[in-house]
Amino acid sequence: QVQLVESGGGLVRTGGSLRLSCAASGNIFSIDTMGWYRQAPGKQRELVATVFSDSITNYAGSVRGRFSISRDNAKNTVYLQMNSLKPEDTAVYYCNAESYSDYYSPPNNYWGQGTQVTVSS
């Protein structure tokens, strides 16, 4: 099993910044993709950004240019720097990781518990 613990959410005004962190721990052989998703009230969970083990990144169009995802492989940690925040960025942000427990087994997908980000107008 792998645990993902998120931190860094909170309340910020429009135009402000927040930095989310997510640390993975447990039975980790290696981690492939790490990413952030979000879910606003009454909406489906959506992709925000992902980063592969080779640091290649992918962003949703709505956050490209404002958000930046990065990872520290030595710490099994992924970060999301969020700048120029807008009220429509308000959501619960979830960390996701695709992790291998050993060399031979297929990867498992894990989710964090979520952290609330609220952007006031």
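Bear in mind the structure is a predicted one, so any value in this text is a computation, not a measurement.

When you line up the elements, Val63 lands in the loop between β6 (57-59) and β7 (67-72). The exposure class of Val63 is buried, given its relative accessible area of 0%. Here the alpha-carbon distance between Val63 and Tyr94, two residues 31 residues apart in the chain, equals 15 Å. Among all residues touching Val63, those that are not within four sequence positions of it are Arg38 and Val48.

Looking now at the pairing of strand β8 (residues 77-82). With five of six residues buried, β8 is to be regarded as a mostly interior element. As judged from the six bridges shared by strand β3 (residues 18-26) and β8, these two strands associate in the antiparallel manner. The partner of Leu18 across the bridge, within β8, is Met82. Relative to β8, β7 runs antiparallel, the two sharing six bridges. Considered in β8, the bridge of Ser68 is made with Gln81.

Rules behind the numbers
- Residues numbered from 1 in each chain as written.
- Predicted model: local features only at pLDDT ≥ 70, side-chain atom pairs only at ≥ 80, totals over all residues.
- Heavy atoms only, no water.
- Helix = DSSP H or I, 4+ residues; strand = E, 2+ residues; numbered from the N terminus.
- Buried < 20%, exposed > 50% of the residue type's maximum accessible area, 1.4 Å probe, protein only.
- Contact = heavy atoms within 4.5 Å.
- Pairing = 2+ DSSP bridges.

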